[in-house]
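Spelled out, the chains give:
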Amino acid sequence: MNIQTPVADEIATREEAQAALAALMSWARGASTQELNAIDPKLRALIGSNEYPDLINDYPENFVVDPAYKATLPDLQNGPSSLIRGSQQLIQHVGISNFRLPIRFHTKHGNDLTLETSVTGTVSLDADKKGINMSRIMRTFYRRAEETFSFDVIEAALDDYKSDLESFDARLQMRFSFPVKIESLRSGLSGYQYYDISMELAEQNGVRQKFMHVDYVYSSTCPCSLELSEHARRTRGQLATPHSQRSVARISVELIGKSILWFEDLIDHCRKAVPTETQVMVKREDEQAFAELNAANPIFVEDAARLFCEQLLKDERIGDFRVVASHQESLHSHDAVSILTEGPSFAATSIDPKLFSTLFHVG
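What follows covers the pattern of salt bridges. Applying the stated criterion to the full structure yields 17 salt bridges. Close ionic contact of D160 with R144 constitutes a salt bridge, the shortest N to O distance being 3.1 Å. Taken together, the positions of D160 in helix 6 (residues 151-164) and R144 in the loop between helix 5 (135-142) and strand 3 (148-149) put the pair 16 residues apart, joining distant regions of the chain. Here the residues in one salt-bridge network are E155, D159, E203, R208 and K210, joined through shared partners.

Structure, rendered in structure tokens:
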């Protein structure tokens, strides 16, 4: 077959292109895999070869991704709306949860602490968008990770990834364990109490809200059991002990105004409301003191919710709030629980079915 080859400065005609393709296909069908690959590995697909390709199984350590190669990489998340599976519906939150890194935090007394922090970042997704590039949330957050964190820094990080992902709503939450040195009741010993704390920034419909959450672990002595035990002692000389149990309250508050509500401030509110916080270092005199402290502060779970509420209402830096309390009973095989909310931010008809099971703290 004779094929006329056009000169370099001429454009091949359709007939010439078809003839060239026919010649290439004729040759390719009889060529070996090595011969095909030597010209272009894509020829195997062109001729419809069913032969499994010879793939390289050595990691290409020296391979460098240049802009041209990067431009060929598929990007399904940013594909057209025709790729959407299921209903084309707005998604309120999509992102990543529990990526961890060390973050430096200020304390109320001027010291900085570097704490392992779990970060959750989400954005809203329009109904006509396939998805988001989730690694962008991490990348934009890491750009701020070396700064000492405050809500100002969190707002800047939120601005960054909201802009990167072209979203109108966004949320950023940081969760960590915050150590505070606590003195024993009478012996003079001290040790570190660890508080599960979260900082959260949420933007919805152009409105931003700042939240802080803390889990406070305390002992609750049942007032009814205390009275019944005393009745047995007085009327029958019968030794009896009231039941007490480890209890957990999750306090969530909206931060308002310009004054800082420190982690330590919220913890102090909890201690003032319910002073029977579980102890760290204990000798015999401390254990006796703790028994006396519990007897002086017997509480039902309803009392606990209202006592926390009383303290939170006094602080002008706190707007809306929620108190979730769980008394993990030593008398019953079930727990006693309560939820108290103030303001619309935490009001909800439905609750997470596993909410109370997350209020379980082990030593």
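Let's shift gears to the side chain of N294. Looking at the secondary structure, you find N294 in helix 9 (residues 284-296). The class for N294 is buried, based on a relative accessible area of 5%. One polar contact links N294 to S219, side chain to side chain, over a distance of 2.9 Å. Dropping the residues within four chain positions of it, N294 is found in contact with S219, S220, T221, S244 and T276.

Below, the discussion takes up the packing of aromatic side chains. Summed over the entire model, instances satisfying the criterion amount to 12 aromatic pairs. Ring centres of F63 and Y69 lie 5.1 Å apart, and the angle between their planes is 80°; this geometry places the pair in the edge-to-face category. Classification of F63 as partly exposed rests on a relative accessible area of 46%. Plain terms: the ring middles of F178 and F263 are 5.0 Å apart, the flat faces sit at 70° to each other, and that makes the pair edge-to-face. Residue F178 is found in strand 4 (residues 170-183), and its partner F263 is found in helix 8 (residues 263-273); the two are separated by 85 residues along the sequence.

Further remarks concern the sheet that holds strand 7 (residues 244-255). Across the sheet, 9 strands lie side by side as 3-1-2-4-5-6-7-8-9; this open sheet has mixed pairing. The open sheet has two edge strands, strand 3 and strand 9 (336-342), and neither has a second partner. Lying over the sheet, helix 10 (residues 301-313) contacts strand 6 (207-221), strand 7, strand 8 (318-327) and strand 9, oriented at roughly 160° with respect to strand 8.

Here the focus is the pairing of strand 2 (residues 112-125). By the bridge criterion, 12 bridges tie strand 1 (residues 91-106) to strand 2 in an arrangement that is antiparallel. Among the inter-strand pairings, R104 is bridged to a residue of strand 2, identified as T114. The hairpin formed by strand 1 and strand 2 contains 5 residues between the paired strands, and G110 there has a positive phi angle of roughly 95°. With 7 bridges connecting them, strand 2 and strand 4 associate as antiparallel partners. Looking at strand 4, one finds that T117 is bridged to F176.

Before going further, it helps to spend a moment on the side chain of T140. Structurally, the position occupied by T140 is in helix 5. Residue classification places T140 among the buried residues on the basis of a relative accessible area of 1%. In terms of polar contacts, T140 uses its side chain to reach the backbone carbonyl oxygen of I137, at 3.0 Å. Those residues within four positions of T140 in sequence are excluded, and the remaining contacts are D160, Y161 and D164.

Now for the nonpolar core. Membership of the largest hydrophobic core comes to 60 residues, with the highest contact counts inside it found for F105, F141, I197, Y218, I251, V253 and F308. Not counting residues within four places of it along the chain, the set of residues in contact with I197 comprises M174, R175, F176, F178, M212, H213, V214, F263 and I267. Listed in part, the 5 residues of the second largest apolar core include V217, V324, L355 and L359.

Among the secondary structure elements, Y194 is positioned in strand 5 (residues 190-204). Each residue touching Y194, except ones within four places of it in the same chain, is listed here: S177, F178 and P179.

This next bit is on a nonpolar patch on the surface. On the surface, F63, V65, Y69 and L73 cluster together into a nonpolar patch covering about 380 Å² of accessible area. With respect to the helices and strands, V65 occurs in the loop between helix 3 (43-46) and helix 4 (67-72).

Summed over all chains, the structure comprises 0 disulfides. No disulfide involves C222; its sulfur sits 5.1 Å from the nearest other cysteine sulfur, which is in C224.

For helix 7 (residues 223-236), with 14 residues, the first-to-last C-alpha span of 20 Å sits near the 20 Å given by 1.5 Å per residue. Residues of helix 7 that are buried: P223, S225, L226, S229 and A232. Considering only its buried residues, helix 7 is in contact with strand 6, helix 9 and helix 10.

Attention shifts here to the packing of helix 8 against helix 10. It is at 8 Å that the axes of helix 8 and helix 10 come closest, and there the two elements cross at 135°. One way to sum up the angle between helix 8 and helix 10 is to call them oblique. Read as a crossing pair, helix 8 and helix 10 show a hand that is right-handed. For the pair helix 8 and helix 10, contact is made by L266, H269, C270, K272 and A273 and by L307, F308, Q311 and L312, respectively. Taken together, the residues that form the contact of helix 8 with helix 10 break down as 6 nonpolar, 2 polar and 1 charged.

Turning to the packing of helix 5 against helix 6, a few remarks are in order. The N-to-C vectors of helix 5 and helix 6 enclose an angle of 145°; their axes lie 9 Å apart at closest approach. When the axes of helix 5 and helix 6 are compared, the crossing they make is right-handed. Of the residues in helix 6, those in contact with R136, I137, T140 and F141 of helix 5 are A157, D160, Y161 and D164. Among the residues forming the contact of helix 5 with helix 6, the class breakdown is 4 nonpolar, 1 polar and 3 charged.

Thresholds applied
Residues numbered from 1 in each chain as written. Predicted model: local features only at pLDDT ≥ 70, side-chain atom pairs only at ≥ 80, totals over all residues. Heavy atoms only, no water. Salt bridge = Lys/Arg side-chain N within 4 Å of Asp/Glu carboxyl O. Helix = DSSP H or I, 4+ residues; strand = E, 2+ residues; numbered from the N terminus. Buried < 20%, exposed > 50% of the residue type's maximum accessible area, 1.4 Å probe, protein only. Polar contact = N/O pair within 3.5 Å; in protein donor to acceptor, adjacent residues only side chain to side chain. Contact = heavy atoms within 4.5 Å. Phe/Tyr/Trp six-rings, centres within 6.5 Å; stacked < 30°, edge-to-face > 60°. Pairing = 2+ DSSP bridges. Axes fitted to C-alpha atoms, helices over the stretch in contact; angles between N-to-C directions. Core = buried A, V, L, I, M, F, W, Y, C linked by side-chain atoms within 4.5 Å. Patch = residues over 30% accessible without salt bridge, like charges linked within 9 Å, V, L, I, M, F, W, Y side chains within 5 Å. Areas by Shrake-Rupley, 256 points an atom, 1.4 Å probe, with all protein chains shown as cover. Disulfide = S-S within 2.5 Å. Expected span 1.5 Å × (residues − 1). Parallel < 35°, antiparallel > 145°, perpendicular 65-115°, else oblique. Left-handed = near helix turned anticlockwise from the far one by under 90°. Nonpolar A, V, L, I, M, F, W, Y, C, P; charged D, E, K, R; others polar.

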